[in-house]
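Each chain is listed here by its residues.
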There are 2 protein chains.
Amino acid sequence: MAGQLRGAARILGSWRSYCSKGQQEKVSADFVEALKAVVGEPNVSTAGVVLEQHGHDESMHGCSPPDAVVWPQNVEQVSRLAALCYNHRIPIIPFGTGTGLEGGVNAIKGGICFNLTHMDRILDLNVDDFSVTVEPGVTHKALNYYLRDTGLWFPVDPGADASLCGMAATGASGTNAVRYGTMLENVVNLEVVLADGQILHTAGRGRRFQKSSAGYNLTELFVGSEGTLGLITTATLRLHGIPEATIAAVCAFPSIQAAVDSTVQIIQSGLPVARIEFLDEVMVDACNKYSGLTNAVTPTLFLEFHGSQQALQEQVQRAEEIVQQNGSSHFAWSKDPEERSRLWTARHNAWYAALALRPGCKGYSTDVCVPISRLPEIMVQAKKDLKAFGLTGSLVGHVGDGNFHCILLVNSEDADEHHRATQFVKQLGRNALAMNGTCTGEHGIGLGKRQLLKEEIGPVGIEIMRQIKSVLDTKNLMNPGKVL
Amino acid sequence: MAGQLRGAARILGSWRSYCSKGQQEKVSADFVEALKAVVGEPNVSTAGVVLEQHGHDESMHGCSPPDAVVWPQNVEQVSRLAALCYNHRIPIIPFGTGTGLEGGVNAIKGGICFNLTHMDRILDLNVDDFSVTVEPGVTHKALNYYLRDTGLWFPVDPGADASLCGMAATGASGTNAVRYGTMLENVVNLEVVLADGQILHTAGRGRRFQKSSAGYNLTELFVGSEGTLGLITTATLRLHGIPEATIAAVCAFPSIQAAVDSTVQIIQSGLPVARIEFLDEVMVDACNKYSGLTNAVTPTLFLEFHGSQQALQEQVQRAEEIVQQNGSSHFAWSKDPEERSRLWTARHNAWYAALALRPGCKGYSTDVCVPISRLPEIMVQAKKDLKAFGLTGSLVGHVGDGNFHCILLVNSEDADEHHRATQFVKQLGRNALAMNGTCTGEHGIGLGKRQLLKEEIGPVGIEIMRQIKSVLDTKNLMNPGKVL
C-alpha cells in the first residue's frame, strides 16, 4: 500500500501532498515501545505530520515518510537504537536539518528516522590547534556564532544553515570552497555509529591532528557517504583564522566565456580569492526584479577577497586588471560591510529571486562540476537544453572550482513538466560526464543520480562501492536505496 | 630458509648485508617464463643484486628481497602480470623509487616486485584546469621540470625525489603541506590495477574535476594505502600557480615553546605561510658544523612565503613582529634566490648534517604528528627519551601542521642499539597517541608501526580496515604484511 502510494505520487509529481497518513505498517507497536524504552516516550513519534516532515528534503523527490521518528540524546542511545533496528532488520535513516537536495532523507523503504538535532553540544574547542568537535545538532551558523570571540571560524557554507555532521555526510562545500576546501578537506575525525550499533572513530578516538598517513582513510570514506554507511554522531573539524579584512567585488561580462577566462586567470595568477561566484543573465535579471537592483543584465562574477588590509588592496587591483582585459565594463568593489552586502545582494537573494520567476512553482537546484575550461561550453548547452525541454531555469556557479547549479522552477502539479525536469537533470549530468566532469560537485547522489553514478564511476568502481557498503552494513539497513 | 635468514638478520640488526643471495625458491622457472612472456625477457630479473636492490627502502627494516623483479611498460602489462600472480597466489609488491621510510617495499613474504619506473609518461596536461596525469615513473622533480614554462607547479615535496604515484601510495606530504596540502588534497583520480588484474579508475576514467560528491571516496581510500590495495598506474594531480615571488626567512628562539607559539600565531593571523620548518639546537649545531654556518645554536624556524612582491613584503613584516614578540633575537630574510638558498642551507642539508653526527652510522627518520599546541611537550620529551635510551638523534619538524621527524643515527652492527632505536620509535609513537596525535604524519605504517596503528585506531576501525582489504584483495597478495 505504502509502495503503491509512493509510486502514484511520483507519477503525478505531487510530492509532499500525499504523505500525511503515516506509514506504521512496517514496525510493530512492540518495536515502538522498545524505541521508547531507550530514549523516553516524548522522544519517539509516529504522528502523521511528524513522519511527513521527516520524509523529504528540499528536492523534487516525492515524500517517503519513515515509520517512526526518534530523537536520541547521546551516542549511547544512538548505538542502542541502531542495534535494535539491526536485530529487527529495520532501516535506519539519519536526519539533520532536512536541507539536502537529492532526497537523502526520504525513507523509501520505511524504517526509523534518527533525528539527531537534540545532540547539539559543541565539544573540545582547541583554539591553538584550530579544531573543534560538534554533535549533529550543531549547524555551521551556530558554530560560527559560538566561535565569534576566538579569532577563528569554520568557512564551509553550503547556503542553507545545515548541520555540520549532515554536511560531512553529504560532502558539502559551497561558496568558500575555492579558498578553504570542502568538507573533505575540513573534517579531521568522525564518530560514527554503524548499523549494528558499534561505535567507530574514523581516525581513532579523540584524535585531532592536521594530517596523518596511518592506515586507510576511513574519515574520507564516510565524508559524502550520505548516511549509507553509518550515523555520524560527532565531527571534529578544522578551523581557520578569521581574515583581518574582506573585500567584495562585482563585475559584468560580455559572455560566459569572458567570465570563465577571468576566473581561470585569477586563480592561475595565485590571487587567493575566497569566493568567485557566477550568475547568468537570466539570474541577474531575476535578481534585479526581485531586489530592485540595476545590475547589467549579462553574465556576472561576484568575488570576495580575505586577508590583511594592505594585501587586499593589491589583490583587488590585480583582479580588476584581469577582468578588464577580458572585457568587463563594470567593476565595483568595497570593503565596507554594508556596501559589500549591497554588492552581493543579487548573489545572496538568488534562490528567492529564482523562485519569483514563476510564483507558485517549486525551486529545484541540481549541480554538476566540470574542469573549469569546459564551463562555458556546458553552461551554454544547459541554456539550450532548458529551452529544448521547455523549462524555466537559471545558472548559478561556484566557478572557481568548476561547479555550478541550475535552479529549475517546476510546477509540481504538472506530471509532464516534472518528467521533463528529471530528463533535463539527467542530460545535464551526462553532459558533465562527457566533459570529464562529475554528475554532482556538492549535492550528492541521493535518490536521483544513482544511474549517473554508475555511468561516472564504471562497473569496477561501483562493484567496489557495493562491496564496501556490504562490509559496513551487512544487512543493507543504513539509508537503503541511496547512492547505490 | 629464506624466513630463517630474515629472522636472523632482524635479530642481528644487520640489514641489507645478508640478502644478496636471491630468493628464487618461491617461484618456479615456469612462472618466471610466464612473466617474461608478458613483458619480454629483458624486463624480468632474478639476479641476486637486483633482488637485493628491490628488497629494502631507506628505513631501518632488514632487507627482504622479492623472488623476481618485473618492469612492465604499460597498464595492460601490469594487469596481465597481476592476474598471473593472482592465479598462482604469489605476492605483488609495487616499487617506485625505493625512497620510502617504513619498509613499504620489503618483500617479507617473497613474491614479485613490480618496478613501475619504465612507465614514465606525463599525460593529459591541462593548464587551464590545473591538472595533469602521470605514470608511476614520474618523480615530483621531473614533473616540475616538465611544467617549468606553464606557470604551474606541483608543490608536494617529501624531500627525496620520489615517484608521484609512490607519494600517492604513502600519503606523502613534506615542507609545503601547510599551504598546499598533502597528497590527499592534491590527488584527483587514480588508475589502479587490483590484485586480480582488474583496472579501477577511482573517480571514473578520465575524470579530473576539482571536487565531487559522487559516491564513496575511493580516491582517498587508495591514497596512503601503501600498495596493500592495488598498484597505482596513473595519478591525476592538482596543479598550482607558480608564485610571483618567494621570500625565505630564518629566526632563532630561546625555547621550543617560543618557536611553536610563533608558529600558532602566524597561522592564526591568517598569514599564508608556504613553509614553516623547525630545527632543534642539536640539528642547528650539526648543520653549522657540516655546512660551515654560524646560526645561533637554539631552536630555529625556517619560513618561506609565496605571493606577489607587495604582499610578501607585508607578510614578512607581520611575521617578524610575531616572532619578536616571542623572543626571537635573530630574524633574517631575503627574496634574492641565492641568499634565500643560503638562509635555508641548514634546513636543506639537515639530513646529511645529521649523518655527519656519527660517521659510519645509518640515519633513520621516524615521524609523528600531534595537535600543534602539544609540540613543545612532545619534543622536549623526545629529547629526554633519546638520552634515556642512549641514542643520538635530532629533531626536524614541519611544525605548521604539528608534524616532526626524529633523525636517529644508529650503528647497524650493534643489535642492542638497533633494539633501543626500535623501542624509542615505539615510545615516540605512543607519546603522540597520548596527546591525541597520530603515530605517523607522512611516512606511513609500513612494517614497523602496525602495532601503533592498532593502538591509534582501535579495534572497530582496524576490523573495518581489514574487511576493506579483504574485499579489494581477497587472497591477501597485495604487499602482504604491511599496514595491517
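Note that the structure is a prediction, hence the values are computed from the model and not measured. (Residues numbered from 1 in each chain as written. Chains lettered and ligands numbered in written order. Predicted model: local features only at pLDDT ≥ 70, side-chain atom pairs only at ≥ 80, totals over all residues. Heavy atoms only, no water.)

### Here we look at the state of the cysteines
Residues and elements named next belong to chain B.
- Applying the stated criterion to the full structure yields zero disulfides over all chains.
- In this structure Cys369 is a free cysteine whose sulfur lies 11 Å from that of Cys439, the closest cysteine sulfur available.
- For Cys369, a relative accessible area of 0% corresponds to the buried category. (Disulfide = S-S within 2.5 Å. Buried < 20%, exposed > 50% of the residue type's maximum accessible area, 1.4 Å probe, protein only.)

### Description of the pairing of strand β16 (residues 362-369) of chain B
All names here are of chain B.
- In terms of burial, β16 is a largely internal element, eight of the eight residues being buried.
- The alternating pattern of β16 places Lys362, Tyr364, Thr366 and Val368 and Gly363, Ser365, Asp367 and Cys369 on opposite faces, both of which are buried.
- Two strands pair when backbone bridges link them, and β16 and strand β18 (residues 403-410) are joined in this way by eight bridges, in the antiparallel orientation. Its bridge partner being in β18, Val368 is matched across the sheet by Phe404. (Helix = DSSP H or I, 4+ residues; strand = E, 2+ residues; numbered from the N terminus. Pairing = 2+ DSSP bridges.)

### So, the domain arrangement of chain A
All names here are of chain A.
- Under the domain assignment, chain A is made up of domain 1 (2-115), domain 2 (122-241), domain 3 (245-350) and domain 4 (356-444).
- Domain 1 puts 12 residues into the contact, and the matching count from domain 2 is 16 residues.
- Taken over both partners, the interface formed by domain 1 and domain 2 buries close to 1100 Å², and the fraction arising from carbon and sulfur atoms is 75%.
- In this structure, the connection of domain 1 to domain 2 is made through zero salt bridges.
- Elements that contribute at least two residues to the side of domain 1 that touches domain 2 include exactly α4 (75-87) and β3 (92-95). (Domains from an automatic or database assignment. Contact = heavy atoms within 4.5 Å. Buried area = accessible area lost by both parts, 1.4 Å probe. Salt bridge = Lys/Arg side-chain N within 4 Å of Asp/Glu carboxyl O.)

### Considering the side chain of His54 of chain B
Residue and element names in this part refer to chain B.
- Take His54: it is sitting in the loop between α3 (48-53) and β2 (68-70).
- There is a polar contact of 2.9 Å between the side chain of His54 and the side chain of Asn115.
- Non-local contacts of His54, meaning those with residues more than four positions away in its chain, are made with Pro66, Val69, Trp71, Phe95, Val105, Cys113 and Asn115. (Polar contact = N/O pair within 3.5 Å; in protein donor to acceptor, adjacent residues only side chain to side chain.)

### Some points on the sheet that holds strand β15 (residues 330-334) of chain B
Residues and elements named next belong to chain B.
- Here we have seven strands laid out as an open sheet, ordered β15-β12-β14-β13-β17-β18-β16, and antiparallel in their pairing. If you trace the sheet from one side to the other, it starts and ends with β15 and β16, each paired once. Each neighbouring strand pair of the sheet contributes to a mean axis angle of 15 degrees, computed without reference to strand direction.
- Bridge count between strand β13 (residues 273-279) and strand β17 (residues 392-398): two bridges; the pairing is antiparallel. Bridge pairing in β17 links Phe278 to Gly397.
- Across the sheet, helix α12 (residues 309-325) is in contact with β12 (245-252), β14 (300-307) and β15; its angle to β14 comes to roughly 155 degrees.
- Packed onto the sheet, helix α16 (residues 375-388) meets β13, β16, β17 and β18 and runs at close to 10 degrees relative to β18. (Axes fitted to C-alpha atoms, helices over the stretch in contact; angles between N-to-C directions.)

### With respect to the pattern of salt bridges
Residue and element names in this part refer to chain A.
- Enumeration according to the criterion identifies 40 salt bridges over all chains in this entry.
- In this structure, Arg358 engages Glu417 in a salt bridge whose closest nitrogen and oxygen atoms are separated by 2.5 Å. Pair noted here: Arg358 is in the loop between α15 (350-355) and β16 (362-369) and Glu417 is in helix α17 (residues 415-434), with a separation of 59 residues, a long-range link.
- For Arg358, a relative accessible area of 24% gives the class partly exposed.
- A relative accessible area of 5% means that Glu417 is categorised as buried.
- Asp416 is the salt-bridge partner of Arg420, the closest N and O atoms lying 2.9 Å from each other.

### Quick word on the packing of helix α10 (residues 256-268) of chain A against helix α16 (residues 375-388) of chain A
Residues and elements named next belong to chain A.
- At their nearest, the axes of α10 and α16 sit 9 Å apart, and the two run at 150 degrees to each other. Classified by the angle their axes make, α10 and α16 are roughly antiparallel. Helix-helix and strand crossings are classified by hand; for α10 and α16 the assignment is right-handed. Residues Ile256, Gln257 and Val260 of α10 lie in contact with α16, whose contacting residues are Leu375, Pro376, Met379, Val380 and Lys383.
- Residue classes in the contact of α10 with α16 are distributed as six nonpolar, one polar and one charged. (Parallel < 35°, antiparallel > 145°, perpendicular 65-115°, else oblique. Left-handed = near helix turned anticlockwise from the far one by under 90°. Nonpolar A, V, L, I, M, F, W, Y, C, P; charged D, E, K, R; others polar.)

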